[in-house]
Structures are given as C-alpha cells and as structure tokens.
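Listed below, chain by chain, are the residues.
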Amino acid sequence: MNRRRRIIVSLLLVLIISTNICTGVFAANESSLTREELYKAAQKTIEYYHKTYKSEKYEGIMDWPALGLFGFGEDVSGPKWTVDGKNAAYFREEEAKNGVGLSKTKNTDFQRTIIGICAAGKDPRNFAGMNLVQIVKDTMLPNGHFADSVADNKTGKPVGDNLINAHIFGVIALHCAGEPIPNRDKCVEWLEKQQHKDGGFTWDVKYFDNPKDYDYIVSDVDMTAAALMAFAILGEDESNPVVAKAIQFLHDEQLPNGGFHSWGTDNPESCAWAIQALTLLGQDPMGPEWTNTKGQNPVTSLLRFQNSDGSFVHVLEEDDMIDVYENSMSTYEALYGMADAYNKKSAYDMLYEKYRPEGEKYLFKDYKPGDYAFKETADLVYDYIISGYTDGTFKPDNNVTRAEFTKMLNNGKGFRNEARDYSGESKFNDVPEDHWAYGNIGVSAEKGYITGVTEDTFKPEDPITGEQLMIILIRAAGLEEEADKLKTGGGDWVEGYINLAKEKGLVYENFQPKEPVTRAQCAWSLYQFLNINN
C-alpha cells in the first residue's frame, strides 16, 4: 500500500470513527426537561398574565403576549380574558383608531400589530378601519425588500432599505395573516445578501467605506434566528448554503448551559428566538442536536429565568442564580418560545393555517375560490411554485409560454436555486445568457425534461401546447418507457405520452393537444403531477 493510499484510508477511518462517536453522543443527549414539565411551567406564566392584567381588563397583552397565549390555546378575545365586555383586542383597536403604536415611519409597528390581531382572532384586513395586510404588502420595494417605513413624511410612499428586521417581520406578519409572500425570489435574495462572514445577521444593513471593516462585524443571535424564521417561511432549508451557515452560527454561539446570549448577556429572549427558528425549520430545540451531555438545551436554559410567579427576568446574578428584575419582554418572549417548543410547531405556522382560508379569498382580483383550478392554483402559489402578477391578478385564461413553464416545473421539482445559479452554456440560439429564463431552460434541458422545437431552437416565448405539456410531465416523472408501450400500432409517438398522461390523471379539462395551455389549465396539471410524483 503506497503512502498516499494509506493516508486516504486513515482519513476515512477517522471520519467513520468520528461519525460513530458523534452519533452516539447525540443519541445519548436527552433533555433533562420533559414536555409535561414544560407545559406546567408555561401554565404558571399564563396564570401570571391572567392575574396580573385582570384589573386592567387585560389591556396590554397585545401584541406579543397574545402570541404565546394563542400558542397554548388561549382565546384572548374570549370570556376568560374579557372584563365588562372589554379585552386586549378592544383596547388595541381603540389605540389603532388614534394612530397609537402605528407610526407610518415604522413598518414594524404595522407588522407586529398584524401578528397580535391574528393571535387575538381578529381580522387584520379590517381593524380600526384599516386593511393592515394590504398596507404591509404595499411596502415591498422593487428589490424585494419590505421598506423601513409605511409612508415617508415627505413623499407619502414606503421608503428605506436599511432595516433587516423590517424585512423579516414583513415576511412573518403576512405569513400569520395567511398570505403568500409577494415577489418571493427577490425577497429571499435580498435577505441572503445581508448575511455576514460569520454566518449571522444583524438588525440593520451595514455600510463601510473600507471593505476590511466587514470582517469585524459581530452578528446577533436574535436577528440570525429571525432571519432563519423568514427563510423557513419562504420555503428555504439547510440545502440553501446561507441557511446552513446561519444554523451553524447558532451552533457556534450556543452556550455551555444550552442557552444563547445577545449583546454579551445570557438571557431568555435569545433562547426563545432560537427556539422559534428551529421549530419553523422543523428541528426540535429539545432534541439531541441542541442538547448537551448534561441534558441542557435552549428550553432548559430559558426556564432558568422564570420567577416563582411565572414571570421571567432578563438577567441573573450568576453566583447565586437570583433574578435581578422582572422584565415584560422577557416574559412574553419566553411564553411564545415555550409554546413552540411544547407544540413542536411554530405559533406563526398555527396562525397561518388558521388564516389561510381567509387569505385565499383575497389572493387575486380576477380569480376566486370556486373558479376552475383555483384550489390547485392557490396551493402552487402558497408553495411558491407559480405566482400571480404584480397588479394583483392571476389572468387564468392567459396562455403559458414554454419559458414560463420551465420555471414552474423547476420550482416544483426543487431546482429553483440550481436554475438561479446555472452557469452552463446555452444549447439554443434563441436563448441568450441575458434571457430571464436562461437558467430554467438550461436546467430543464440538461435534465432531459424539455427539448427544443429543433436541435438549436427553443422558441421560449411560444405558448406551450397541450401535447408538449404532457410530454414534459411524463418525461419529468421518468415514465418515457411506459409511454412508449401505450402507443397504438402505427400511431404518432406522442400518442403514448398523452394516453399515459390520461391514465395518470394529468390531463386538464377541455384538453386539446395542439392548442395553447392556459395558466389555470397548466396549474391544474402541474398540481396533479407534483402530487403523483411525490
């Protein structure tokens, strides 16, 4: 065995042994806290809110406390939380009518209000005479960023491209209201660009004259967790290198006690934000990956800050673990962190599921529930596979071009980022590198789903026909051989593909092989394909 081969074998053995050791360690890392104990701790906090705020008719538990209460099934607009016909939502609406807590220079005011309204079971599209959902949607700038403000004092228009938190909570607020995020791809790209070299994020965009200054940025745990929440809502996961790097940042920042710190302080809020992010990403913050050998994790660390009355403090005297002072922010953030950990499901996702049926009613101006293929179209829109137009329409009867369908198919098959980063050479003379669908056409052609109309011509702007659509879907499903067997004697080779598509339930209503496919028809067939293929 030569020296080079011995080195390679040795490295492989080290890797195998390390992997087995790590696997064993993770398997042994069980949380010292049970979910039943977590539930009891949360009930103390809920009781704290119920007793403390009763004399105030529960004024003040909007916006953020309501989120954690909702996560544990509390109806803050119901009888338990109502005194003399008044409750938190009533008082918040009275405030909103007078512009209290809704500064037009702060988009985050409107965003958090939406979250609170939804947690209280009220209508964010009709609150204090305002459609807060539309207001926030209208703040998205052409570059995909939710503006810092709702309306500038001078122009009356949304302005500001500096606040990362305004962008993130724009995503979260609309998600809670049951809305898909507009201009999703640019929204993701804008946020990706804000990641720092250490993998984390800060609350605002950094600008330096000296490029070396960017090397000294210290990212924040809370805002990194918030960015991960937004990425998860937008459909991104660890397969995205930006997301993977941000998760690693949280791993690197996790303290020996299982918790997290921000601005140099070990605190429950950072634990709560990390819990929210991990839950939205489908990870268990009480699971072995985030639990050390002592059974400590973000949840056990968070509970160190709970007082005997159920409230939480921001900091502890480490020598004797005595609370320094009660903190309202610590308490409500701890409560929604506990809710996510206990449910193994984000309260934001719970609100999304509750409000999506209402959101679908406002999805398009020209396309409504009950219309042909609306439900299938809506599912694809919410999964960011297809989208409507910027004017709020879907135009269901418009034809789909061949280029447009490559994007739809790649989005559905999970090749969105591959198409975005595609750098291969074009196989078609009529698809230059600056064509908007260059990457999507390139990926589709390389994977063999789509061919040109000739060897070197694609005709990207031609409408896709019924037979072309069925051929592409059968190829994308890997069923070419099966399609060939269904061709009748002497028939056109296309016949086998159409016959198989009919057999698989992919053929839309009023199918005509040679005629263009409308957006509604295309959405219907693509929906069936993705469900069958999955």
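Note that the coordinates shown come from a computational prediction; the quantities given were computed from them, not determined experimentally.

**Q** Hey, could you run me through the environment of Glu-95 in this one?
**A** You can see Glu-95 is positioned in helix H4 (residues 88–97). C-alpha separation for the pair Glu-95 and Ile-474, spaced 379 residues apart in sequence, amounts to 57 Å.

**Q** What is the right way to look at the environment of Pro-182 in this model?
**A** Checked against the element boundaries, Pro-182 lands in the loop between helix H7 (164–176) and helix H8 (184–192). In this structure Pro-182 comes out as partly exposed when scored by relative accessible area, which is 25%. For the pair Pro-182 and Asn-153, spaced 29 residues apart in sequence, the C-alpha separation works out to 25 Å. In this structure Pro-182 touches Met-140, Phe-146, Leu-174 and Cys-187, once residues within four positions along its chain are discounted.

**Q** Teacher, can you tell me more about the side chain of Arg-402 here?
**A** Following the sequence through the fold, Arg-402 ends up in helix H16 (residues 402–413). One buried charge, Arg-402, has no salt-bridge partner; the nearest side chain with opposite charge is Asp-462, at 6.0 Å. Among all residues touching Arg-402, those that are not within four sequence positions of it are Ile-450, Thr-451, Gly-452, Val-453, Phe-458, Lys-459, Pro-460, Asp-462, Pro-463, Ile-464 and Gln-468.

**Q** Sorry if this is basic, but what is going on with unusual backbone geometry here?
**A** Glycine aside, the phi torsion of most residues is negative, and most peptide linkages are trans. The peptide bond linking Met-62 to Asp-63 adopts the cis configuration, its omega dihedral lying at 10°. Among the secondary structure elements, Asp-63 is positioned in the loop between helix H2 (35–52) and helix H3 (64–71). Not every positive phi belongs to a glycine, and Tyr-58 is a case in point at roughly 65°. Among the structural elements, Tyr-58 can be located in the loop between H2 and H3. In this model, Trp-263 sits at a positive phi of 55°, which is unusual for a non-glycine residue. According to the relative accessible area criterion, Trp-263 is exposed, its value standing at 76%.

**Q** What's the story with the nonpolar core in this structure? I'm lost.
**A** One recurring pattern in soluble globular proteins is that nonpolar side chains are buried together. Residues Ile-168, Met-338 and Tyr-348 are the most contacted members of the largest nonpolar core, which totals 105 residues. Counting residues per element, this core draws most heavily on helix H9 (residues 221–233), which supplies 11 residues. When neighbours within four sequence positions are excluded, Tyr-348 is seen to be in contact with Trp-64, Leu-67, Ile-115, Phe-169, Ile-172, His-175, Cys-176, Met-229, Gln-276 and Leu-280.

**Q** Explanation requested: H4 in the structure shown.
**A** An α-helix turns once per 3.6 residues; consequently, residues spaced three or four apart project the same way. Among all positions in H4, only Ala-88, Ala-89, Phe-91, Arg-92 and Ala-96 are buried. Down the axis of H4, the buried set is contained in an arc of 165°. They therefore lie on one face. Between a side-chain oxygen at the N-terminus of H4 and the backbone nitrogen of Ala-89 the separation is 3.2 Å; the capping residue is Asn-87.

**Q** Teacher, can you tell me more about H9 here?
**A** Between its terminal C-alpha atoms H9 stretches 19 Å, which fits the 18 Å expected from 13 residues at 1.5 Å a residue. Taking burial as the measure, the 13 residues of H9 include 13 buried ones, the bulk of the element. Measuring from the backbone nitrogen of Asp-222 back to the side-chain oxygen at the start of H9 gives 3.3 Å, which picks out Asp-220 as the cap. Positive backbone phi, approximately 90°, marks Gly-235, located one or two places after H9.

Conventions and cut-offs
- Along each chain, the written sequence defines residue order, and numbers are assigned to residues from 1.
- At least 70 in pLDDT is required for a residue's local features to be given in this predicted model, at least 80 for side-chain atom pairs to be given and counted, and no such filter applies to totals for whole chains, interfaces and linings, which use all residues.
- As a rule here, side-chain values cover all heavy atoms of the structure and leave hydrogens and water aside.
- Numbering of helices and strands runs from the N terminus, with a helix taken as a DSSP run of H or I at least four residues long and a strand as a DSSP run of E at least two residues long.
- The classification of residues rests on relative accessible area computed with a 1.4 Å probe and restricted to protein chains. Under 20% of the type maximum is buried, over 50% is exposed, and intermediate values are partly exposed.
- Residue contacts are counted whenever heavy atoms from the two residues lie within 4.5 Å of one another.
- Residues scored as charged are limited to Lys and Arg (positive) and Asp and Glu (negative), so that His and the chain ends carry no count.
- For salt bridges, the criterion is a side-chain nitrogen of Lys or Arg within 4 Å of an Asp or Glu carboxyl oxygen.
- Residues enter a nonpolar core if they are buried and are Ala, Val, Leu, Ile, Met, Phe, Trp, Tyr or Cys, with the set joined through side-chain atoms within 4.5 Å.
- Regarding the arc, it is the one traced by the directions from the helix axis to the C-beta atoms.
- What qualifies as a polar contact is a pair of N or O atoms within 3.5 Å, subject to a donor-acceptor requirement within protein and to the restriction that residues adjacent in sequence count only when both atoms come from side chains.
- How far a helix is expected to stretch is found by multiplying one less than its residue total by 1.5 Å.

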